[in-house]
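Descriptive analysis of the structure
Letter by letter, the chains look like this.
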Amino acid sequence: MLPKVHWRHWPGDTDRPALALHCMMASAAYWGPLAGRMNGRVDLRGFDMPGHGRSAAWQPGDTDFHTAVTRIAAGAIDRPIDLIGHSIGATVALRIAVAAPEAVRSLTLIEPVLFAAAGGWARDIDPATDEEAAARAFLGVWGASRYDDLPPAAQAAVRLQIWLVKETAPTLNDDAARILRPDGLESIDAPVMLISGQDSPPLIHRIAENLAARLPDVGIATVEGAGHMAPITHPDQVAGLIAVNLDRA
């Protein structure tokens, strides 16, 4: 059984449903400012992934975390949809698009952390055994704030979530879900936009370039002065790029 998750909704054009998938150690709440900047062009929904935000804690079971999130997202799609994802959320969106290209009207991928697309995980940021050290290292590369700048409650939440990073390694590092299978990316005929932060790790840019080389209809954009958390730190630019891709569909 899939865990119960908390859904969020930003009303807009009911003829243009959209689904947004957030990054690790956040919640769907950060899509709100971007939805506001899109002025109701899409009817946007998002959910807090298990163990995040207001959703139930993640309990390992018959399926892995990435697969569970993918099934929750796919279960909410009943007609062609504008699919938007950030970080791990972008890898879930891409996994859905490869499995069911007919379900996707447009696909916006912000910093997809599909490390397998660039030869594997950045080993120097592989989470350590110690939860606090792992959280500090993770946020030092991928966070909007450093671990030591967070209040104690937020630090505790990150320590609880950090093990999920390791759990997703088979999918993100080794492509256990076969997102990169032959003819998979090539089957996506919806317009795709790959968005990267200018100051993100070089690995992110290699991922974007390698994915783009296999996608039939793709644009690549870089947000000047941004890092991995561009949707939070640069919402105007990211919302504008999402709108560009909506126009392309």
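Look a little higher up for the structure.
Report follows, based on the coordinates. In this text, all values refer to a predicted model and were calculated from it rather than measured experimentally.

Within the protein, the regular secondary structure consists of nine helices and seven strands. Relative to the compact-globule value of 18 Å for 249 residues, the protein shows a C-alpha radius of gyration of 17 Å, a close match. The dimensions of the protein, computed from C-alpha atoms along their principal axes, are 45 × 40 × 35 Å. Taking all 249 residues of the protein together, 56% fall into the buried category. When contacts within the protein are restricted to residue pairs at least 6 apart in sequence, long-range pairs at least 24 apart make up 76% of them. Roughly 10,500 Å² of accessible area belongs to the protein as shown, and the carbon and sulfur atoms make up 50% of that amount.

Here we take up the nonpolar core. Among the nonpolar cores identified, the biggest contains 60 residues, and Leu94, Leu107, Ile188 and Leu211 are the most heavily contacted of them. For isoleucine 188, the contacting residues outside a window of four places in its chain are Leu94, Ala97, Val98, Pro101, Leu107, Leu215 and Pro216. In terms of nonpolar packing, the next biggest core, distinct from the first, is built from 26 residues, Ala20, Ala35, Leu44 and Val238 among them.

The next subject is the packing of aromatic side chains. If you walk through the whole model with that rule in mind, you get four aromatic pairs. With centroids separated by 4.9 Å and ring planes inclined at 55°, the aromatic side chains of tryptophan 7 and phenylalanine 47 adopt a geometry described as tilted. With tryptophan 7 in strand 1 (residues 7–10) and phenylalanine 47 in strand 3 (residues 43–47), this pair connects stretches of sequence that are 40 residues apart. When the centroid spacing of 5.1 Å and the interplanar angle of 40° are considered together, the rings of tyrosine 30 and tryptophan 31 count as tilted. Accessibility expressed as a relative area gives 10% for tyrosine 30, which makes it buried.

Attention now goes to the pairing of strand 3. Taken across its five residues, strand 3 has four buried, putting it largely inside the fold. Here strand 1 pairs with strand 3 via four bridges, running antiparallel. From the neighbouring strand, histidine 9 faces strand 3, where its bridge partner is arginine 45. Here strand 2 (residues 17–21) pairs with strand 3 via four bridges, running parallel. Bridging from a neighbouring strand, leucine 19 pairs with arginine 45 of strand 3.

With that settled, consider the packing of helix 2 (residues 65–75) against helix 3 (residues 88–99). With their axes 10 Å apart at the nearest point, helix 2 and helix 3 run at an angle of 65° to one another. Note that helix 2 runs across helix 3; the crossing there is right-handed. Every residue of helix 3 that contacts helix 2 at Phe65, His66, Thr67, Val69, Thr70, Ala73 and Ala74 is listed here: Ile88, Thr91, Val92, Arg95 and Ile96. Residue composition of the contact of helix 2 with helix 3, grouped by class: seven nonpolar, four polar and one charged.

Along helix 5 (residues 152–167), the sharpest kink reaches roughly 30°, centred on leucine 160. Taken together, the buried positions of helix 5 are occupied by Gln155, Val158, Gln161, Ile162, Leu164 and Val165. Those residues of helix 5 that are buried are in contact with helix 2, helix 4 (131–142) and helix 6 (169–172).

With that out of the way, let us pick up unusual backbone geometry. One non-glycine residue, asparagine 39, adopts positive backbone phi at about 55°. In this fold, asparagine 39 is placed in the loop between helix 1 (31–37) and strand 3. For glutamate 111, which is not glycine, the phi torsion reads 50° and is therefore positive. Along the chain, glutamate 111 turns up in the loop between strand 5 (104–110) and helix 4.

Conventions and cut-offs
- Residues numbered from 1 in each chain as written.
- Predicted model: local features only at pLDDT ≥ 70, side-chain atom pairs only at ≥ 80, totals over all residues.
- Heavy atoms only, no water.
- Helix = DSSP H or I, 4+ residues; strand = E, 2+ residues; numbered from the N terminus.
- Rg over C-alpha atoms; globule rule 2.2 N^0.38 Å.
- Buried < 20%, exposed > 50% of the residue type's maximum accessible area, 1.4 Å probe, protein only.
- Contact = heavy atoms within 4.5 Å.
- Areas by Shrake-Rupley, 256 points an atom, 1.4 Å probe, with all protein chains shown as cover.
- Core = buried A, V, L, I, M, F, W, Y, C linked by side-chain atoms within 4.5 Å.
- Phe/Tyr/Trp six-rings, centres within 6.5 Å; stacked < 30°, edge-to-face > 60°.
- Pairing = 2+ DSSP bridges.
- Axes fitted to C-alpha atoms, helices over the stretch in contact; angles between N-to-C directions.
- Left-handed = near helix turned anticlockwise from the far one by under 90°.
- Nonpolar A, V, L, I, M, F, W, Y, C, P; charged D, E, K, R; others polar.
- Bend = angle between axes of the 7 residues up to and from the residue.

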